[in-house]
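Per-entry structural report
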Amino acid sequence: MQALRIHNTLTRRADAVEPHADGSPVTFYSCGPTVYDDAHIGNFRSFLNADVLRRTLELLGHRVHHVMNITDVGHMTDDSSADGGGEDKMAVAGRRIAEAKKAGKLPAGTDVDPGNPGAIADFYAGRFLEDARALGLKVALEAHAHPERADALMPRPTRCIPQMIAMIERLVANGHAYVAGDGVVYFDVRSFPAYGALSGNTIDRLREGAGERISAENQAQKRHPADFMLWKPDMSHLMRWPSPWGEGYPGWHIECSAMARMLLGDEIDIHSGGEDNIFPHHECEVAQSRCATGRPRFARHWFHTRHLVVEGEKMSKRTGNFFTARDLFAKGHTPAAVRLELIRTHYRSNANFTLQGLADCQRMIDRWSRAHSELLSRAAPSPDESRPAGPFERALASFTDGLCDDLNVARAIAALNEACAAPAVERDAACAHRELAAMLAMDSVLGVLGRNRAAEHAPPAGDPGLAQQVERLIAERTAARAAKNWAESDRIRDALAAMGVAIKDGAQGTTWSRTAG
RNA sequence: GGCCGAGUACCCAAGUGGCCUAAGGGGACGGAUUGCAAAUCCGUUAUUCGUGGGUUCAAAUCCCACCUCGGCCUCCA
């Protein structure tokens, strides 16, 4: 089996990814979304890169046990008092939903109680899963296909509170956590000398920067400024549970430690997230997990995706370059193009998401789709083994080499493009059956061929009669063309363009699609 | 302020000491095709790699300085 080498944040070099034991599945935990709002394309870049890693492992013949959490505990918004101050994010989401409801902007067929945090979380979790499936996130497809395993594949912290409490109890019992004067349970970072190994921080250096974002009152309760919260008793929090330390809610990091352990065991092979998770989130996870399990390791391999910028600028709602996946689908972009645009740049570079790039991806995918249809139509039921390897079979080798080299997706894509551009004589000489298999193997990682269809023929919201209208105009234009009435024909084409509909005159008649945007 | 990444053509983006007078895609331009378009097919499109120095027989790749952008320094993918 070919080795996949991936940069490991922990060791700061490219390490081979392999299961902890021969023949076992690779255990893989991904930090998933919070469900206080729709996930944006930056979130999805991180999830999709994890998906590409998982699919690459599967292409190489590994089995992968992949888990991605969906965080539904209401955390706090205020960053000036980071140890539990500010406003509950679930409350903010509830207000947003209440406003949308009032304005009649809630999607048809949905009714959410804005005062019920569980309902809010379910609402956004449902939307996330829809987007995730559209984009081909395999773990979401798997959870959908096996509802009985959904909670084990995409766990929710609110359903795992006992496991978190058990882990915190263990940490308190073995001296790695303590109850402070304010009743809050903190992890004692000085009890864990390896704290900082993942992020490259040291406890001393953290102390220097610590003064800026943490309120003095909170700091005064802790033994060390870097100590972080495990449980906060708080009767005012929207979501709260009974615990040995009083009714309240868990700290931000403990959920992943508890769920990873519960579902994948004390040590896991890969753990992924966005680059901002390295510190403090993943650093704290390592500390909690190792101190609770007593193991020398938590995750063997840490995989972090760098952030995304949009049109060269940091994505922000204010500058108008903020996109959720569903925003793009609604504008007519295919999930395939969104997926490819988000995975085509190396995961350790800042990617620049652009509308032009999305269009580029769409054209590439359309070409791959044509090549795929062509192979499909030529593939014989029984392969002719005597034929030499064709362009796609050869491309699969360099495609795989590219991916094995720290997930070089750009190189993999170039290999596929070159196969599609191979001269017809070469293509005809090859065994179409094997060529098709090679192409599907490549798509098993890229994951675009089955997703190259958006809502393009679905009429846009508020205009259900569009399809019939378009068909009628096309029929009129076809008649005009038959009569060689070019002026009328062009007038209809312009009218369709004004409606946001592009047409193509092909051998099988005229086809149409909505223009994105 | 401290620590970390990154800057390659009009755009996206590989390449990390000689195979680079720099992959792949898009765009643009020229040609084929088309009533005209669109789509498709063929061809052309960086002697140059943020800027200035340095090391080396050899640098996009290593070193130094500067500029610009991004991340982290207890919300964040």
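Residues numbered from 1 in each chain as written. Chains lettered and ligands numbered in written order. Predicted model: local features only at pLDDT ≥ 70, side-chain atom pairs only at ≥ 80, totals over all residues. Heavy atoms only, no water.

Points about the overall build of chain A
A tally of helices and strands in chain A yields 19 helices and 15 strands. By the compact-globule yardstick of 24 Å for 517 residues, chain A fits well, its C-alpha radius of gyration being 26 Å. Projected onto its principal axes, the C-alpha positions of chain A cover 90 × 60 × 40 Å. Taking as baseline every contact in chain A between residues at least 6 positions apart, the subset at least 24 positions apart corresponds to 74%. Roughly 22800 Å² of accessible area belongs to chain A as shown, and the carbon and sulfur atoms make up 51% of that amount. When the 61 positive and 66 negative side-chain charges of chain A are each reduced to one mean point, those points stand 2 Å apart. (Helix = DSSP H or I, 4+ residues; strand = E, 2+ residues; numbered from the N terminus. Rg over C-alpha atoms; globule rule 2.2 N^0.38 Å. Contact = heavy atoms within 4.5 Å. Areas by Shrake-Rupley, 256 points an atom, 1.4 Å probe, with all protein chains shown as cover. Lys, Arg positive; Asp, Glu negative; His and termini not counted. Charge placed at Lys NZ, Arg CZ, Asp CG, Glu CD.)

Quick look at unusual backbone geometry
Omega for the bond connecting Phe279 with Pro280 falls within 30 degrees of zero, at 5 degrees, which places this linkage in the cis form. Within the element layout of this structure, Pro280 appears in helix α10 (residues 278-293). Positive phi, normally seen in glycine, also occurs at Glu311, with a value near 50 degrees. Within the secondary structure layout, Glu311 lies in the loop between β11 (308-310) and β12 (313-314). In this structure, Asp406 is a non-glycine residue whose phi angle is positive, near 55 degrees. Relative to the helices and strands, Asp406 is located in the loop between α14 (391-404) and α15 (409-420). The class for Asp406 is buried, based on a relative accessible area of 7%. (Buried < 20%, exposed > 50% of the residue type's maximum accessible area, 1.4 Å probe, protein only.)

Brief notes about the packing of helix α2 (residues 89-102) against helix α3 (residues 117-134)
Where α2 contacts α3, the two axes come as close as 10 Å, and the packing angle between them is 75 degrees. In terms of axis orientation, α2 runs roughly perpendicular to α3. Across the interface between the two elements, Met90, Ala93, Gly94, Arg96 and Ile97 of α2 pack against Pro117, Ile120, Ala121, Phe123 and Tyr124 of α3. Of the residues that constitute the contact of α2 with α3, the class distribution is 8 nonpolar, 1 polar and 1 charged. (Axes fitted to C-alpha atoms, helices over the stretch in contact; angles between N-to-C directions. Parallel < 35°, antiparallel > 145°, perpendicular 65-115°, else oblique. Nonpolar A, V, L, I, M, F, W, Y, C, P; charged D, E, K, R; others polar.)

Topic: the packing of helix α1 (residues 41-59) against helix α4 (residues 138-145)
The geometry of α1 relative to α4 is characterised by a closest axis approach of 9 Å and an angle of 75 degrees between their N-to-C directions. Between α1 and α4, the angle is such that the two are roughly perpendicular. Two secondary-structure elements touch here, α1 through Asp51, Arg54, Arg55 and Glu58 and α4 through Lys138, Val139, Leu141 and Glu142. Class assignment for the residues of the contact of α1 with α4 results in 2 nonpolar, no polar and 6 charged.

Notes on the environment of Thr319
Assignment of secondary structure puts Thr319 in the loop between β12 and α11 (325-330). Filtering out sequence-adjacent residues up to four positions away, Thr319 remains in contact with Glu313 and Lys314.

Quick notes on the sheet that holds β11
Strand order in this open sheet of 3 strands is β12-β11-β13, and the pairing throughout is mixed. Looking at the sheet topology across the chains shown, the edges are occupied by β12 and β13 (351-353). Note that β11 and β13 share 3 bridges and pair parallel. Along β13, the bridge assignment pairs Val309 with Asn352. The strands that α1 touches are β11 and β13; relative to β11, the one it contacts most, it runs at about 145 degrees. (Pairing = 2+ DSSP bridges.)

Observations regarding the domain arrangement of chain A
Split by domain assignment, chain A resolves into domain 1 (310-451) and domain 2 (466-514). Look at where the C-alpha atoms of domain 1 and domain 2 centre, and you get two points 31 Å apart. (Domains from an automatic or database assignment.)

Considerations on helix α18 (residues 466-482)
Over its 17 residues, α18 runs 24 Å from end to end, which matches the ideal 24 Å to within 8%, given 1.5 Å per residue. Trailing α18 by a residue or two, Lys484 shows a phi angle of about 55 degrees, which is positive. (Expected span 1.5 Å × (residues − 1).)

Re the nonpolar core
Membership of the largest hydrophobic core comes to 134 residues, with the highest contact counts inside it found for Phe44, Phe128, Met154, Trp368 and Phe392. With residues near it in sequence (within four places) discarded, Phe128 still touches Pro33, Ala39, Phe44, Phe47, Met68, Ile70, Leu137 and Met154. Among the nonpolar cores identified, the runner-up in size contains 9 residues, and Val470, Leu473, Ile492 and Trp512 belong to it. (Core = buried A, V, L, I, M, F, W, Y, C linked by side-chain atoms within 4.5 Å.)

Details of α4
All buried positions along α4 are accounted for by Val139, Ala140 and Ala143. End-on view of α4: buried residues confined to an arc of 100 degrees, all on one side of the axis. Against the buried residues of α4 lie α1, β4 (64-68), α3 and α5 (150-153). (Arc of directions from axis to C-beta.)

Points about the pattern of salt bridges
Applying the stated criterion across every chain, the model contains 33 salt bridges. A salt bridge links Lys101 to Asp111; the nearest nitrogen and oxygen atoms lie 3.2 Å apart. A residue pair is termed long-range when its members are at least 10 positions apart, and Lys101 in helix α2 and Asp111 in the loop between α2 and α3 qualify at 10 residues. Judged by relative accessible area, Asp111 falls into the exposed class, the value being 64%. (Salt bridge = Lys/Arg side-chain N within 4 Å of Asp/Glu carboxyl O.)

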